[in-house]
Amino acid sequence: MALFKKKKIEEITLPNLVSIVNEPVVMESSPKKEDTITTSLTEVAERHHYLERENEGIMNAYYICKIFSYIAIKDSDFEHQMNAIDKHIKRLENLHSAITEQVLILKSENTSSQETLKDVNEKIKEALLFHEGVSNILDDARNKYFNHLKIATLNVCLNRKNIELERMHRELVTFLKDYKSFDEAAQTIYYNSGQLIHQMIDELIKCLIQHKNERYIKAYPTHYFLKTDVVITLSFPEWIELYNRIKFVMKSAMDAKLMHCLDFRKYFDQFELRYLILMINLERSNQHKKN
């Protein structure tokens, strides 16, 4: 059964947040219990902060979904689902922007009416309900297309901030524009990355030498990363081993701040993007074999 049928999409509704309209207060002879509960600016601010934290998780799942969407076998159903996800995320971004603007206005005012505070609070509650719907859609897509990825593929995106994932997806799209197909890009990388790998390792070692920690210099010479002095091509297991070793050194030699070494970072970012493309293409090949 397709996930993003029109009926299902229409079930997710958004509140109108263009402006806060002050509705006439209807006085009742015996007010309902909830009408007597007051709402403070502090409570609204705390709920807004919670909303933003929840949104971080949704956007993280979205960017990972976009990055690994290249693995899925493309058909009309898949395209429809991804378009639906993009549409919901765009509406979600607009929703958050509108709520955030209202909260900032409230914070800048000396006093805020109970009616206005409660109105914004209701908008936050509605946004959280929308969150739940979008989160379910992302989970459905993940379970259908990306639920069996190897750790070597997932590693690139694990524990990343959203700004990093967004940049990674943008660079992935830009890189692929120069190739007719994903497979062509992967083949080019596989046979033409020797020079980049050597430049990256040379800069990494240079950073460690400049840090002047003899333990790092002795523990991580060139042959720790590469078995030979000349790299023409690496097998997939060798790509994975090299990537893991570099990540290990970056973590174990954290005080060397390797990612602050601009030349090393330039080469590593290029290497990591190419590694991601190779791993995705490997997953794509496995998917096609199953089908």
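Residues numbered from 1 in each chain as written. Predicted model: local features only at pLDDT ≥ 70, side-chain atom pairs only at ≥ 80, totals over all residues. Heavy atoms only, no water.

Asks: When you look at the overall build of the protein in this model, what are you seeing that I'm missing?
Replies: Across its full length, the protein carries twelve helices and zero strands. Written out in order from the N terminus, the α and β elements of the protein read α-α-α-α-α-α-α-α-α-α-α-α. Considering the protein as a whole, with its 291 residues, one finds that 42% of them fall into the buried category. Here the contacts in the protein between residues at least 6 apart in sequence split such that 84% fall between residues at least 24 apart. With the model as given, the accessible surface of the protein reaches about 17,300 Å², and the carbon-plus-sulfur share is 52%. (Helix = DSSP H or I, 4+ residues; strand = E, 2+ residues; numbered from the N terminus. Buried < 20%, exposed > 50% of the residue type's maximum accessible area, 1.4 Å probe, protein only. Contact = heavy atoms within 4.5 Å. Areas by Shrake-Rupley, 256 points an atom, 1.4 Å probe, with all protein chains shown as cover.)

Asks: Looking at this model, I keep getting lost on helix H2 (residues 41-68). Mind explaining?
Replies: Three or four residues apart is the spacing at which side chains of an α-helix point the same way, because the helix has 3.6 residues per turn. Compared with the 40 Å implied by 1.5 Å per residue over 28 residues, the 41 Å span of H2 between its first and last C-alpha is a close match. Listing the buried residues of H2 in full gives Val44, His48, Leu51, Asn55, Ile58, Met59, Tyr62, Tyr63, Cys65, Lys66, Ile67 and Phe68. (Expected span 1.5 Å × (residues − 1).)

Asks: Sorry if this is basic, but what is going on with the pattern of salt bridges here?
Replies: When the charged atoms of two side chains lie near each other, side chains of opposite charge can form a pair. Across all of its chains, the model carries ten salt bridges by this definition. Between Lys66 and Asp86 there is a salt bridge; the shortest N-O distance is 3.2 Å. With Lys66 in helix H2 and Asp86 in helix H3 (residues 76-108), this residue pair connects regions lying 20 residues apart in the sequence. Among the residues examined, Lys66 registers a relative accessible area of 16% and is labelled buried. Here Arg142 and Asp139 are joined by a salt bridge, their closest N and O atoms 3.5 Å apart. Linking Arg142 with Asp139, this pair stays in helix H4 (residues 114-145), spanning three residues, or about one helical turn. Relative accessible area serves as the criterion here: at 40%, Arg142 is assigned to the partly exposed category. (Salt bridge = Lys/Arg side-chain N within 4 Å of Asp/Glu carboxyl O.)

Asks: Please clarify how unusual backbone geometry should be interpreted in this entry.
Replies: Peptide bonds are mostly trans, and most non-glycine residues show a negative phi. Phi is positive for Asn159, which is not a glycine, with a value near 55 degrees. Its location among the elements puts Asn159 in the loop between helix H5 (151-154) and helix H6 (162-176). Here Lys257, not a glycine, exhibits a phi torsion of approximately 50 degrees, which is positive. With respect to the helices, strands and loops of the structure, Lys257 is situated in the loop between helix H11 (236-252) and helix H12 (262-290).

Asks: What is the right way to look at helix H8 (residues 194-211) in this model?
Replies: For H8, spanning 18 residues, the distance from its first C-alpha to its last is 26 Å, which sits close to the expected 26 Å at 1.5 Å a residue. Inspection of H8 places Gly194, Leu196, Ile197, His198, Met200, Ile201, Glu203, Leu204, Ile205, Cys207 and Leu208 among the buried residues, and these make up the whole buried set. Trailing H8 by a residue or two, Lys212 shows a phi angle of about 65 degrees, which is positive.

Asks: Please explain the side chain of Asn55 as it appears in this structure.
Replies: Residue placement: Asn55 occurs in helix H2. Side-chain polar atoms of Asn55 contact the side chain of His96, separated by 3.4 Å. Apart from residues lying up to four places away in sequence, Asn55 is in contact with Leu92, His96 and His131. (Polar contact = N/O pair within 3.5 Å; in protein donor to acceptor, adjacent residues only side chain to side chain.)

Asks: What's the story with the packing of aromatic side chains in this structure? I'm lost.
Replies: In this description, a pair of aromatic rings is defined by centroid distance and the angle of the planes. Scanning all chains against the criterion turns up 15 aromatic pairs. The interplanar angle of 50 degrees and the centroid separation of 5.5 Å between the aromatic rings of Tyr62 and Tyr63 together place this pair among those described as tilted. Here the two residues Tyr62 and Tyr63 agree in accessibility, since each one is buried. Between Phe78 and Tyr145 the ring centres are 4.9 Å apart and the planes differ by 85 degrees, which places this aromatic pair in the edge-to-face class. Of this pair, Phe78 sits in helix H3 while Tyr145 is found in helix H4, placing the two residues 67 residues apart along the sequence. Residue Phe78 shares its accessibility class with Tyr145, and that shared class is buried. Sitting over the ring of Tyr224, Arg245 keeps its end group 4.7 Å from the ring centre. (Phe/Tyr/Trp six-rings, centres within 6.5 Å; stacked < 30°, edge-to-face > 60°. Lys NZ or Arg CZ within 6 Å of the ring centre and 35° of its normal.)

Asks: Just checking my understanding: could you explain the nonpolar core for this structure?
Replies: Nonpolar side chains in soluble globular proteins tend to be buried together. The biggest cluster of nonpolar side chains holds 82 residues, and the ones touching the most others in it are Phe225, Leu242, Ile246, Phe264 and Phe271. Among the elements that line this core, the one with the most residues is H12, at eleven residues. Leaving out residues up to four positions away in the same chain, Phe271 has contacts with Leu196, Ile197, Met200, Trp239, Leu242, Tyr243 and Ile246. (Core = buried A, V, L, I, M, F, W, Y, C linked by side-chain atoms within 4.5 Å.)

Asks: Just to check I follow, could you spell out the packing of H2 against H6 for this structure?
Replies: The axes of two packed helices give the description: the angle between them and the distance between them. H6 packs onto H2 with a crossing angle of 20 degrees between their chain directions and a minimal axis gap of 9 Å. In terms of orientation, H2 and H6 fall into the roughly parallel class. Crossing angle aside, the handedness with which H2 passes H6 is left-handed. Side by side, H2 and H6 meet where Glu56, Met59, Asn60, Tyr63, Ile64, Lys66 and Ile67 of the first sit next to Asn162, Leu165, Glu166, Met168, His169 and Leu172 of the second. Grouping the constituent residues of the contact of H2 with H6 by class yields seven nonpolar, three polar and three charged. (Axes fitted to C-alpha atoms, helices over the stretch in contact; angles between N-to-C directions. Parallel < 35°, antiparallel > 145°, perpendicular 65-115°, else oblique. Left-handed = near helix turned anticlockwise from the far one by under 90°. Nonpolar A, V, L, I, M, F, W, Y, C, P; charged D, E, K, R; others polar.)

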